[in-house]
Amino acid sequence: MSIDSFYNDYGLWFIFGVVLLQQLGLPIPAYPLLILAGAQTVVDPAHGLWALVLSVVASSIGNFAWFLAGKRYGHRVLKAVCRISLSPESCVRQAENTFERYGPGSLVLGRFVPGLGIVAPPLAGGFGVGVPTFLLYNGIGSALWALSGLALGWAFHTEVDWLLDALSALGNRAAGAIALGVAVYVAHRG
């Protein structure tokens, strides 16, 4: 099965699954899939709309789970999330300072600041942000994040198509190289 045929058959659901898993805390890259979806949007604008909707829904589900955990367990969840960072104590302190400074806006900002995206939802729960406020700010942040990936794919669709053609020409070696790249990324992040 080629990359094109896989993406045509399962691409939107694959984006949903990868974004959801990433938001639940797995160190897997979802942004390249949004770029790929953005390139597909040139040919099929509805595809971009569906990719946006599914990304926002998946992101909201994953982040809402962290929000509820923060609401229920408070500071313990933040410490657990920060434990995987290089400096857990400064992570907790910096995350709390950022949330105190920007409030629910941290949910928007967190989508674009490495490390803040995973700690902002439990912080929002721990700080007592209401569910409607959380869903609004998280939705805005998720939509802007997904739109930025889709826009990059749309703007660089020629280069994305070239890369996909080059990968297709390599066949199984390309799949192995992609798998190796993802494994190295996951190992580095984990």
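A short tour of the structure in this document, coming up. (Residues numbered from 1 in each chain as written. Predicted model: local features only at pLDDT ≥ 70, side-chain atom pairs only at ≥ 80, totals over all residues. Heavy atoms only, no water.)

Some words on the overall build of the protein chain
In terms of helices and strands, the protein chain carries ten helices and zero strands. Across the protein chain, helices and strands are ordered from the amino to the carboxyl terminus as α-α-α-α-α-α-α-α-α-α. Of all 190 residues assigned to the protein chain, the portion counted as buried reaches 37%. As presented, the protein chain carries roughly 10,600 Å² of accessible surface, and 68% of it is formed by carbon and sulfur atoms. (Helix = DSSP H or I, 4+ residues; strand = E, 2+ residues; numbered from the N terminus. Buried < 20%, exposed > 50% of the residue type's maximum accessible area, 1.4 Å probe, protein only. Areas by Shrake-Rupley, 256 points an atom, 1.4 Å probe, with all protein chains shown as cover.)

Describing the packing of aromatic side chains
Across all of its chains, the model carries six aromatic pairs by this definition. Taking 6.0 Å as the distance between ring centres and 45° as the angle between the ring planes, the aromatic pair formed by Tyr 31 and Trp 145 counts as tilted. Linking Tyr 31 in helix H2 (residues 31-41) with Trp 145 in helix H8 (residues 131-155), this pair joins segments that are 114 residues apart in sequence. Of note, Arg 111 hangs over the ring of Trp 145, and the distance from its end group to the ring centre comes to 4.3 Å. (Phe/Tyr/Trp six-rings, centres within 6.5 Å; stacked < 30°, edge-to-face > 60°. Lys NZ or Arg CZ within 6 Å of the ring centre and 35° of its normal.)

Looking at the side chain of Ser 142
Within the element layout of this structure, Ser 142 appears in helix H8. Classification of Ser 142 by relative accessible area gives buried; the value is 1%. In contact with Ser 142, not counting residues within four places along its chain, are Val 56, Ser 59, Asn 63 and Arg 111. (Contact = heavy atoms within 4.5 Å.)

Topic: the side chain of Ser 59
You can see Ser 59 is positioned in helix H3 (residues 45-73). Reaching out from Ser 59, the side chain makes a polar contact with the side chain of Arg 111 at a distance of 2.7 Å. Those residues in contact with Ser 59, other than ones at most four positions away along the chain, are Val 19, Gln 23, Arg 111, Asn 138 and Ser 142. (Polar contact = N/O pair within 3.5 Å; in protein donor to acceptor, adjacent residues only side chain to side chain.)

Here's the deal with H3
If you check H3, its first and last C-alpha atoms are 42 Å apart, about what 29 residues at 1.5 Å a residue would give, namely 42 Å. After H3 finishes, the residue Gly 74 shows a positive phi value of roughly 60°. (Expected span 1.5 Å × (residues − 1).)

Quick word on the environment of Leu 135
Within the element layout of this structure, Leu 135 appears in helix H8. Accessibility expressed as a relative area gives 39% for Leu 135, which makes it partly exposed. Sequence spacing of Leu 135 and Phe 64 is 71 residues, and the spatial spacing of their C-alpha atoms is 7.9 Å.

Structural notes on the packing of H2 against H3
Interaxial distance between H2 and H3 falls to 7 Å at its minimum, and their mutual angle equals 155°. In this view, H2 runs roughly antiparallel relative to H3, as classed from their interaxial angle. Counted together, Leu 34, Ala 37, Gln 40 and Thr 41 of H2 and Pro 45, His 47, Gly 48, Ala 51 and Ser 55 of H3 form the full contact between these two elements. Looking at side-chain class alone, the contact of H2 with H3 contains four nonpolar, five polar and no charged residues. (Axes fitted to C-alpha atoms, helices over the stretch in contact; angles between N-to-C directions. Parallel < 35°, antiparallel > 145°, perpendicular 65-115°, else oblique. Nonpolar A, V, L, I, M, F, W, Y, C, P; charged D, E, K, R; others polar.)

A short note on the environment of Asn 138
With respect to the secondary-structure elements, Asn 138 resides in helix H8. By relative accessible area, which is 1% here, Asn 138 ends up buried. Between the C-alpha atoms of Asn 138 and Ala 120, which are 18 residues apart in sequence, the distance is 9.4 Å. Among the polar contacts listed, one links the side chain of Asn 138 to the side chain of Ser 60, at a separation of 3.4 Å.

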